[in-house]
Amino acid sequence: MNIILIAAPAAGKGTESERLISEYKLAHISTGDLLRKAIKENSPLKDEIQSAISSGKLVSDEIILKLIENKILDKECANGYILDGFPRNIAQAKKYDEMLEKNNIDPGYVFVIDIDKEKAKQRIVGRRNCPKCGRIYSTIFEQTKPKVDGICDSCGVELIKRADDNESAFENRYQIYLNETAPLIDFYAKKGILYHIDGNTDKNYTHKQIKDILEK
Ligand code: AMP
């Protein structure tokens, strides 16, 4: 089973991915994580990637497509995978289609998690991540606050704030979402594999809506 998650920043893509992965034993392909890893490991493309990410712009399709193809052909993806953060625009979606066809892979389900802009902004400003396990917390919403301020419940390490989790990068990222990513909704609706999910309430409700569709 393969899944594409489309969502505005902070709609709950990362959190929902985690739950689907553990429940359905899927591989997780997050282009954002792959790019942050490339920066951390001092890849030759580090500077190009870093400057795009920190200003909230998109990294070039060429870099992204190379990262994706390597991943989906890996045996860890044999049982299915979740694409989190890819495709980000129509050009990437078309290239991805070709990749699937060439390798005889089913596109599976496409979920779009809808969220109001103001709600997304609030979530972004309060978002904190565990650098070790990747779990996402909030300084604002009670439900996802860590037990001890600033510390991961499971790993005990200090939580970090992503460089692009600020208001100005958010505006950029949201605008890019509207201009470049939202057209994917039409693209996949025409293929008959798109489902709308309401991401405005809480993570349990988001998950329930997706699960109901997968288990229909
Ligand atoms: P994310 O963690 O998915 O919010 O991604 C963080 C940043 O990584 C984005 O703002 C982009 O700069 C870059 N990025 C992630 N996925 C892609 C993609 N598919 N295409 C281009 N840039 C991407």
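The shown structure was predicted, so the numbers you read here are calculated from the model rather than taken from an experiment.

A.B. asks: How should I be thinking about unusual backbone geometry in this particular structure?
C.D. replies: The phi torsion of most residues other than glycine is negative, and most of the peptide bonds are trans. Of note, the amide linkage connecting F86 to P87 takes the cis form, showing an omega dihedral of -10 degrees. Here P87 is to be found in the loop between β3 (81–84) and α5 (90–103). For N42, which is not glycine, the phi torsion reads 55 degrees and is therefore positive. In this fold, N42 is placed in the loop between α2 (31–40) and α3 (46–54). You can call N42 exposed: its relative accessible area is 53%. The phi angle at N104 is positive, at roughly 55 degrees, despite the residue not being glycine.

A.B. asks: Explain the site of the ligand here, please?
C.D. replies: As a matter of local geometry, the ligand sits amid 17 residues, with T31, K57, V59, G85 and Q92 nearest to it. A distance of 2.8 Å is found between a nitrogen atom of the ligand and a side-chain nitrogen or oxygen belonging to T31. In the environment of the ligand, an oxygen atom lies 3.1 Å from a nitrogen or oxygen atom belonging to the side chain of R36. In terms of residues, the shell around the ligand owes the most to one element, α2, which gives 4 residues. Partitioning the shell around the ligand into residue classes produces 6 nonpolar, 4 polar and 7 charged.

Calculation criteria
- Residues numbered from 1 in each chain as written.
- Predicted model: local features only at pLDDT ≥ 70, side-chain atom pairs only at ≥ 80, totals over all residues.
- Heavy atoms only, no water.
- Helix = DSSP H or I, 4+ residues; strand = E, 2+ residues; numbered from the N terminus.
- Buried < 20%, exposed > 50% of the residue type's maximum accessible area, 1.4 Å probe, protein only.
- Near = heavy atom within 4 Å.
- Polar contact = N/O pair within 3.5 Å; in protein donor to acceptor, adjacent residues only side chain to side chain.
- Nonpolar A, V, L, I, M, F, W, Y, C, P; charged D, E, K, R; others polar.

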